[in-house]
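A structural walkthrough
The lines below spell out each chain.
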Amino acid sequence: MSIRHGLLALLSSGPRYGYQLRVEFEASTGATWPLNIGQVYTTLSRLERDGLVAPDGADEQGRAVYTITEAGLAELERWFSTPVAQSDRPRDELAIKIAMAVAAADVDVGEVIHTQRMATMRGLQELTQAKRATTGGSAQRLVIDSLIFKAEAEQRWLDHCEAVSKEKNA
């Protein structure tokens, strides 16, 4: 997800000012993607330049408010209707690390896997606690659920890696 599209999605619900967008973005993503306010205003400037948002005056405290334009709504529709391709996601550093451990000489692959498994389990426990403590809406819960499912899948994949590395050594 790009910050640009996240801000457009929030603006589709009505005009907002920068700090409000930052807080709502972080709340919607379960605080898993923190933004600094500079990112928000830089992105808003680019969105305005591209005709996707427009200034909408100021609120009662004098903060600049932005609104989504028709072009912004069209871009948001395009984004929501386009699936995320596997190639659009960043490289999987863990897969690369395990592959390199298997290929390298004198690396205890089992220990690399064990270290990762323990870290993933701790992360899974923290996510489960965060889910229980969540007071946010369903958007926040969905993000946390996604992270939990990914951590569970990672644990299964690490089991597979361990089995494959044992076959190699047998």
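The structure reproduced in this document is the subject of the present report. None of these values were measured; they are calculated from a predicted model. (Residues numbered from 1 in each chain as written. Predicted model: local features only at pLDDT ≥ 70, side-chain atom pairs only at ≥ 80, totals over all residues. Heavy atoms only, no water.)

Observations concerning the sheet that holds strand E2 (residues 53-58)
Strand order in the open sheet formed by 3 strands is E1-E3-E2, and the pairing between neighbours is antiparallel. Each having just a single partner strand, strand E1 (16-17) and E2 make up the two edges of the open sheet. Sheet topology places E1 next to strand E3 (residues 64-68); 2 bridges connect them, and they run antiparallel. Counted as the bridge partner of Arg 16 is Tyr 66 from E3. Sheet strands in contact with helix H1 (residues 3-11) are E1, E2 and E3, and its direction is about 90° off that of E3. (Pairing = 2+ DSSP bridges. Helix = DSSP H or I, 4+ residues; strand = E, 2+ residues; numbered from the N terminus. Contact = heavy atoms within 4.5 Å. Axes fitted to C-alpha atoms, helices over the stretch in contact; angles between N-to-C directions.)

Details of the pairing of E3
Bridge analysis of E2 against E3 gives 4 bridges, and the strand direction is antiparallel. Opposite Val 53, over in E3, you have Ile 68 as the bridge partner.

Here we look at the nonpolar core
Within the largest apolar cluster, 16 residues are counted, with the highest numbers of intra-cluster contacts made by Leu 7, Leu 8, Leu 11, Leu 21, Leu 44 and Leu 47. When near neighbours in sequence (up to four residues on either side) are disregarded, Leu 11 contacts Arg 16, Leu 21, Leu 44, Val 53, Tyr 66 and Ile 68. Ile 98, Val 109, Ile 113 and Cys 161 belong to the second-largest nonpolar core, a separate cluster that totals 7 residues. (Core = buried A, V, L, I, M, F, W, Y, C linked by side-chain atoms within 4.5 Å. Buried < 20%, exposed > 50% of the residue type's maximum accessible area, 1.4 Å probe, protein only.)

Notes on the packing of aromatic side chains
All told, the structure shown has 1 aromatic pair when counted by the stated rule. The aromatic ring of Tyr 17 is capped on one face by Arg 63, whose charged end is 3.8 Å from the ring centroid. (Phe/Tyr/Trp six-rings, centres within 6.5 Å; stacked < 30°, edge-to-face > 60°. Lys NZ or Arg CZ within 6 Å of the ring centre and 35° of its normal.)

Here's the deal with a nonpolar patch on the surface
Together, Tyr 19, Val 23, Ile 37 and Tyr 41 make up an exposed nonpolar region whose accessible area comes to about 340 Å². At the level of secondary structure, the elements contributing two or more residues to the nonpolar patch comprise helix H2 (18-28) and helix H3 (37-49). Position of Tyr 41 relative to the elements: it lies in helix H3. (Patch = residues over 30% accessible without salt bridge, like charges linked within 9 Å, V, L, I, M, F, W, Y side chains within 5 Å. Areas by Shrake-Rupley, 256 points an atom, 1.4 Å probe, with all protein chains shown as cover. Salt bridge = Lys/Arg side-chain N within 4 Å of Asp/Glu carboxyl O.)

Just geometry here; none of it tells us what the structure is for.
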